[in-house]
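If you want the building blocks of each chain, they are given just below.
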Amino acid sequence: PLGFALLQNYPNPFNPTTVITYDLPVRSRVKLAVYDRLGREVAVLKNAEEDAQRYAVPFNASRMSAGVYFYRLTTPTFTETKKMVLVR
């Protein structure tokens, strides 16, 4: 990858599984977390040092309530947040 990127999850809306994809252009410490509408962290999908490449991370929300959630990718030099919708 040429740059950091957080792509829209697919499918969206989803029930109960989706995939979150992101790009790392250089080896980086990565945290990928999911938050509810109130900003509470409800899941941590990644929290590790990772090599430069594209990642596709499955997310299973079968134990969560329907609604709007946000997922955030954080590295030392990049942060981005996107919205996803869980339907039942």
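What comes next concerns the included structure. Residue indices follow the written sequence of each chain, beginning from 1 at its first position. Note on the predicted model: pLDDT of at least 70 is required for a residue's local features to be given, and 80 or more for side-chain atom pairs to be given and counted; whole-chain, interface and lining totals, by contrast, use all residues. Just so you know, side-chain values use all the structure's heavy atoms and leave hydrogens and water out.

## Here's the deal with the pairing of strand E4 (residues 41–50)
Two strands qualify as a pair provided that DSSP identifies no fewer than 2 bridges between them. Numbering of helices and strands starts at the N terminus; helices are DSSP runs of H or I of at least 4 residues and strands are runs of E of at least 2. The pairing of strand E3 (residues 28–35) with E4 spans 8 bridges and is antiparallel. Each bridged residue has a counterpart across the sheet, and for Val30 the counterpart in E4 is Ala48. Between E3 and E4, which pair antiparallel in sequence order, lie 5 residues; one of them, Gly39, sits at a positive phi of approximately 90°.

## Structural notes on the pairing of strand E7 (residues 79–86)
Examined bridge by bridge, strand E6 (residues 67–74) and E7 share 8 bridges and lie antiparallel to one another. The residue bridging Tyr69 from the neighbouring strand is Met84, located in E7.

## With respect to the sheet that holds strand E1 (residues 5–6)
An order of E1-E2-E5 is seen for the 3 strands of this open sheet, with the pairing classed as antiparallel. At either margin of the open sheet sits one strand with a lone partner, and together these are E1 and strand E5 (53–60).

## Remarks on the sheet that holds E4
Within a sheet, neighbouring strands are paired by backbone hydrogen bonds and run either parallel or antiparallel to one another. The 4 strands are arranged E4-E3-E6-E7 in an open sheet whose pairing can be described as antiparallel. For this open sheet the edge positions go to E4 and E7, each flanked by a neighbour on one side alone. Here the average twist between neighbouring strands, direction ignored, is 15°. Fitting a line to C-alpha atoms yields each axis, with helices limited to the stretch in contact; the angle taken between N-to-C directions then spans 0 to 180 degrees.

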